[in-house]
Amino acid sequence: MEGGREKPSVRAGSEELLFEILKEGLFWAALGRPSEVMPFLRGKLLGNGFSPRAKEELQWLLDKLEKYYNYVAVAGRVEEKHLKAIKSFYRDIVVVLSVDRA
């Protein structure tokens, strides 16, 4: 720790990357390709050795997220309310991952 600041952890960087990927999926959805990012998310989140309970919860969240991306695809554009929903999905996923790490 230098100058009173901690270096960002890999976990914090991973969580930031997760949020960016979720946002990217939102923009792909608006372009009419709502499932573009889902295989990547499913592979990374479900194939990482989390507990069966965490995997079950993540699968449920990813199913809901995919449905939401389909909803955005129908709208054909990204609005502020869509970004707020993605933030909610992000928080829910991070909570599941954090609880599993504890």
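Residues numbered from 1 in each chain as written. Predicted model: local features only at pLDDT ≥ 70, side-chain atom pairs only at ≥ 80, totals over all residues. Heavy atoms only, no water.

1. As for the environment of Phe27
Now for step 1: Within the secondary structure layout, Phe27 lies in helix α1 (residues 10–30).
Now for step 2: Along the backbone, Phe27 and Leu83 are 56 residues apart, and their C-alpha atoms lie at a distance of 9.9 Å. (Helix = DSSP H or I, 4+ residues; strand = E, 2+ residues; numbered from the N terminus.)

2. Points about the pattern of salt bridges
Now for step 1: Considering all chains together, one arrives at 7 salt bridges under this definition.
Now for step 2: A salt bridge links Arg42 to Glu66, with the shortest nitrogen-to-oxygen separation between them at 2.8 Å. Residue Arg42 is located in helix α2 (residues 38–46), and its partner Glu66 is located in helix α3 (residues 52–75); the two are separated by 24 residues in the primary sequence.
Now for step 3: In this structure, Glu57 and Arg53 form a salt bridge, with 3.1 Å as the shortest nitrogen-oxygen distance. Within this pair, Glu57 and its partner Arg53 are both found in helix α3, separated by 4 residues, close to a single helical turn.
Now for step 4: When its relative accessible area of 55% is taken as the criterion, Arg53 is described as exposed.
Now for step 5: Salt bridges linked by common partners bring Arg42, Asp63 and Glu66 together as one network. (Salt bridge = Lys/Arg side-chain N within 4 Å of Asp/Glu carboxyl O. Buried < 20%, exposed > 50% of the residue type's maximum accessible area, 1.4 Å probe, protein only.)

3. Quick look at the packing of α3 against helix α4 (residues 80–101)
Now for step 1: One can describe the packing of α3 onto α4 by two numbers: an axis separation of 10 Å at closest approach and a directional angle of 170°. With respect to α4, the element α3 is oriented roughly antiparallel. Contacts between α3 and α4 pair Ala54, Glu57, Leu58, Leu61, Lys64, Leu65, Tyr68, Tyr69, Tyr71, Val72 and Ala75 from the former with Lys81, His82, Ala85, Ile86, Phe89, Asp92, Ile93, Val96, Leu97 and Asp100 from the latter.
Now for step 2: For the contact of α3 with α4, the class distribution of residues is 15 nonpolar, 1 polar and 5 charged. (Axes fitted to C-alpha atoms, helices over the stretch in contact; angles between N-to-C directions. Parallel < 35°, antiparallel > 145°, perpendicular 65-115°, else oblique. Contact = heavy atoms within 4.5 Å. Nonpolar A, V, L, I, M, F, W, Y, C, P; charged D, E, K, R; others polar.)

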